[in-house]
Amino acid sequence: MATVSSGIIMDANFMNLKEISINEVRSEVPALMIQGESIIAAFQTIRDQVIFTDKRIFVVNVQGITGKKTSYFSYPYSKIQYFGIETAGVLDIDSELIFAFSNGAKLQFDFKSRVDIRKISTVVSQYIL
């Protein structure tokens, strides 16, 4: 199966996603949203962001040394076949959220251990099921 490259997956814990407030979402993201769509939760590495809305998941991938080149990926919940979580452990200090899409692609996000992965799973379930 193909893996979707989001630029977010990293092994180093400092690159894992941490929760941010909705006010910290990049200013251009709301312009990419449809009327009536609202942000549920947002997460960030050093420069990249993952934004969960009530319709989809946005991945904002800031590229290059200057950060002027930016990619925006939109993953609608309606195309997700299934998803899974892996909670943080004693030695494995990050948690993971994995989505599988109807075309066979997979998307994985690694979160810092302080992120409540079960809460994210519950929120996402409301829009997928």
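Above this text is the structure in question.
The shown structure was predicted, so the numbers you read here are calculated from the model rather than taken from an experiment. (Residues numbered from 1 in each chain as written. Predicted model: local features only at pLDDT ≥ 70, side-chain atom pairs only at ≥ 80, totals over all residues. Heavy atoms only, no water.)

Visitor: So, the sheet that holds strand E7 (residues 94-101): which residues are in play, and what are the values?
Guide: With respect to topology, three strands assemble into an open sheet ordered E6-E7-E8, the strand pairing being antiparallel. Both edges of this open sheet fall to strand E6 (80-86) and strand E8 (106-112), since each of them pairs with a single strand only. Within the sheet, the average angular offset between the axes of one strand and its neighbour, ignoring direction, is 15°. Packing of helix H2 (residues 117-128) onto the sheet brings it into contact with E6, E7 and E8, and relative to E6 it is tilted by some 170°. (Pairing = 2+ DSSP bridges. Helix = DSSP H or I, 4+ residues; strand = E, 2+ residues; numbered from the N terminus. Axes fitted to C-alpha atoms, helices over the stretch in contact; angles between N-to-C directions. Contact = heavy atoms within 4.5 Å.)

Visitor: Give a detailed account of the environment of Gln49, specifying residues and quantitative values.
Guide: You can see Gln49 is positioned in strand E3 (residues 49-53). For the pair formed by Gln49 and Lys18, sequence separation is 31 residues and the distance between their alpha carbons is 9.3 Å. Those residues in contact with Gln49, other than ones at most four positions away along the chain, are Ile20, Glu24, Val25, Arg26, Phe43, Gln44, Phe58, Val59 and Val60. A distance of 3.0 Å separates a polar side-chain atom of Gln49 from the backbone oxygen of Glu24. (Polar contact = N/O pair within 3.5 Å; in protein donor to acceptor, adjacent residues only side chain to side chain.)

Visitor: Give me the lowdown on the environment of Gln81, citing residues and values where you can.
Guide: Here Gln81 shows up in strand E6. Once the C-alpha coordinates of Gln81 and Gly104 are considered, the two residues, 23 residues apart in sequence, prove to be 8.9 Å apart. Apart from the residues lying within four places of it in its own chain, the contact partners of Gln81 are Ala100, Phe101 and Ser102.

Visitor: If you had to explain the packing of aromatic side chains to someone new, which residues and values would you point to?
Guide: A full pass over the atoms with the stated rule returns eight aromatic pairs. When the centroid spacing of 6.4 Å and the interplanar angle of 75° are considered together, the rings of Phe52 and Phe109 count as edge-to-face. Here the residue Phe52 occupies a position in strand E3, and Phe109 occupies one in strand E8, the gap between them amounting to 57 residues. The burial state of Phe52 is the same as that of Phe109; both residues are buried. Note on Phe73 and Tyr75: the rings are 6.2 Å apart at their centroids and 15° apart in plane angle, and the pair reads as stacked. Using a relative accessible area of 27% as the deciding quantity, one classes Phe73 as partly exposed. Since its relative accessible area comes to 8%, Tyr75 is described here as buried. Taken together through their ring pairs, the aromatic side chains of Phe43, Phe52, Phe83, Phe99, Phe109 and Phe111 make up a single cluster. (Phe/Tyr/Trp six-rings, centres within 6.5 Å; stacked < 30°, edge-to-face > 60°. Buried < 20%, exposed > 50% of the residue type's maximum accessible area, 1.4 Å probe, protein only.)

Visitor: I'd like a rundown of the pairing of E7, residues and numbers included.
Guide: E7 sits mainly inside the fold: seven of its eight residues count as buried. Relative to E7, E6 runs antiparallel, the two being bridged by six bridges. Looking at E7, one finds that Phe83 is bridged to Phe99.

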